[in-house]
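The residues making up each chain are set out below.
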Amino acid sequence: MRAVTTSSPAPEPDPPSVDVVLPCLDEAAALPWVLERVPPGWRALVVDNGSTDGSDRIARELGATVVHEGRRGFGAACHAGLTAATADIVCFCDCDASLDPADLLPFVREVRAGRADLVLGRRRPRSLGAWPVHARAGNLALSRLLRRRTGLRLRDLGPLRAARRADLLALELTDRRSGYPLQMVVRAADAGWRITEHDVPYAPRTGASKVTGTWRGTFQTVRDMSRVLQESPAREGAVS
């Protein structure tokens with residue numbers, strides 16, 4: 001009687017412990033450094049927002065999961081990444097090499113331990129050119145307006161952040177432009193979230209800024225975010 005050899009099915013790959021959303025518009029030069037710094041076991045979700053420099057191809061070749069978002073806008077890219085995420089914890093990081101995804105490790109530990117619901121990175125420039133004066137001025141103005149609106153004493157509204165995916169989706173964020181990061185904070189504050197802030201190094205970005213690289217871009221960003229601050233604090237469906 002001939003023996004029958006059987007093989008076990010290949011094991012299912014472990015789900016990512018953390019998804020890192022990386023909104024991307026023409027960041028081919030920065031992608032290798034950024035993706036190399038994503039912690040092991042985490043999944044990089046590069047959301048291509050209409051790049052023409054091959055960013056999507058480069059990201060895919062470097063092992064990232066690429067999501068395409070045809071609607072232009074920082075918020076549109078971020079939210080596309082959030083809806084594509086499957087991990088319990090989702091992080092956000094710019095894709096221009098100004099911020100290091102590895103700096104998100106303590107953020108995730110804090111969320112996972114239940115010490116915070118949303119952790120934000122306070123940018124600490126490594127050089128004078130890393131954070132232009134007009135961008136700092138806009139950020140300071142918005143921080144003060146945010147304090148009046150919510151009582152939060154945050155010193156920055158930077159893009160490096162971490163929270164639980166289900167909770168973020170429950171905030172029902174609607175802004176698809178520059179106001180998205182602020183709307184996340186405002187609605188989280190209205191929902192009673194514990195929000196903390198940690199210093200992170202901030203380096204000069206690779207390439208030209210699409211948002212706050214000019215006075216005009218900064219003005220448009222402040223305008224978008226000012227509209228968010230006019231939202232009513234009372235929102236049905238907010239979670240705490």
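The present account deals with the structure reproduced in this document.

Here is what the cut-offs are and how they apply
Residues numbered from 1 in each chain as written. Predicted model: local features only at pLDDT ≥ 70, side-chain atom pairs only at ≥ 80, totals over all residues. Heavy atoms only, no water. Buried < 20%, exposed > 50% of the residue type's maximum accessible area, 1.4 Å probe, protein only. Helix = DSSP H or I, 4+ residues; strand = E, 2+ residues; numbered from the N terminus. Contact = heavy atoms within 4.5 Å. Pairing = 2+ DSSP bridges. Axes fitted to C-alpha atoms, helices over the stretch in contact; angles between N-to-C directions. 1 Å grid on protein atoms, 1.4 Å probe; cavity = no way out; pocket = protein on both sides within 12 Å on 5 of 7 lines; lining within 4 Å. Points joined across faces, edges and corners; volume = space filled by probe spheres on them. Nonpolar A, V, L, I, M, F, W, Y, C, P; charged D, E, K, R; others polar. Phe/Tyr/Trp six-rings, centres within 6.5 Å; stacked < 30°, edge-to-face > 60°. Lys NZ or Arg CZ within 6 Å of the ring centre and 35° of its normal. Polar contact = N/O pair within 3.5 Å; in protein donor to acceptor, adjacent residues only side chain to side chain. Right-handed = clockwise from strand over helix to strand, strands pointing away. Salt bridge = Lys/Arg side-chain N within 4 Å of Asp/Glu carboxyl O.

1. Focus: helix H3 (residues 74–84)
Link 1 in the chain: Where burial is concerned, most of H3 is hidden: eight out of the 11 residues are buried.
Link 2 in the chain: Of all the positions in H3, only Gly75, Ala76, Ala77, Cys78, His79, Ala80, Gly81 and Leu82 are classed as buried.
Link 3 in the chain: Each element contacted by the buried residues of H3 is listed here: strand E1 (18–24), strand E2 (42–48), strand E3 (65–68), strand E4 (89–92), helix H6 (165–170) and helix H7 (180–190).

2. Points about the sheet that holds E3
Link 1 in the chain: Read from one edge to the other, the open sheet built from seven strands follows the order E3-E2-E1-E4-E6-E5-E7, with strand pairing classed as mixed. On the outer flanks of this sheet lie E3 and strand E7 (195–202), each paired with one strand and no other. Strand-to-strand, the axes of this sheet are offset by a mean angle of 25°, without reference to chain direction.
Link 2 in the chain: Alignment of E2 against E3, held across four bridges, turns out to be parallel. Across the sheet, residue Leu45 finds its bridge partner in E3, namely Thr65.
Link 3 in the chain: Running at roughly 25° to strand E6 (residues 161–164), helix H4 (residues 105–112) makes contact with E1, E2, E4, strand E5 (118–125), E6 and E7 of the sheet.

3. Quick notes on empty space enclosed by the protein
Link 1 in the chain: Across all of its chains, the model carries one cavity of 30 Å³ or more by this definition.
Link 2 in the chain: Lining the largest cavity, in full, are Pro23, Phe74, Cys78, Phe92, Cys93, Asp94, Pro159, Arg161, Tyr180 and Pro181.
Link 3 in the chain: Counting residues per element, the ones that place at least two in the lining of the largest cavity are H3 and H7.
Link 4 in the chain: For the lining of the largest cavity, the residue count by class is eight nonpolar, no polar and two charged.

4. Brief notes about the packing of aromatic side chains
Link 1 in the chain: Counted by the stated rule, this structure contains zero aromatic pairs.
Link 2 in the chain: Over the ring of Tyr202 we find Arg123, and its NZ or CZ is 5.2 Å from the ring centre.

5. Some words on the side chain of Asn49
Link 1 in the chain: Within the element layout of this structure, Asn49 appears in the loop between E2 and helix H2 (55–61).
Link 2 in the chain: There is a polar contact of 3.1 Å between the side chain of Asn49 and the backbone nitrogen of Gly73.
Link 3 in the chain: Once residues lying within four places of it in the same chain are set aside, the contact partners of Asn49 are Cys24, Leu25, Glu69, Arg71, Arg72, Gly73 and Ala77.

6. Regarding the pairing of E2
Link 1 in the chain: Across the seven residues of E2, six count as buried, placing the element largely inside the fold.
Link 2 in the chain: Sheet analysis places E1 next to E2, joined by seven bridges and oriented parallel. Opposite Leu22, over in E2, you have Val46 as the bridge partner.
Link 3 in the chain: Taking the sense of rotation as the criterion, the β-α-β connection linking E1, helix H1 (residues 31–36) and E2 turns out right-handed.
Link 4 in the chain: Between the parallel pair E2 and E3, the chain is carried across by H2, and the sense of this crossover is right-handed.

7. Points about the environment of Leu182
Link 1 in the chain: Among the structural elements, Leu182 can be located in helix H7.
Link 2 in the chain: Expressed as a C-alpha distance, the spacing of Leu182 and Pro159, which sit 23 residues apart in the sequence, is 9.5 Å.

8. Observations regarding the pattern of salt bridges
Link 1 in the chain: The final tally for this structure, using the stated rule, is 10 salt bridges.
Link 2 in the chain: A salt bridge links Arg124 to Asp199; the shortest N-O distance between them is 4.0 Å. Taken as a pair, Arg124 in strand E5 and Asp199 in strand E7 lie far apart in primary sequence, 75 residues in all.
Link 3 in the chain: The partner of Arg155 in a salt bridge is Glu197, with the nearest N and O atoms 3.5 Å apart. Note that Arg155 is positioned in the loop between helix H5 (133–150) and E6 and Glu197 in strand E7, a separation of 42 residues in sequence.

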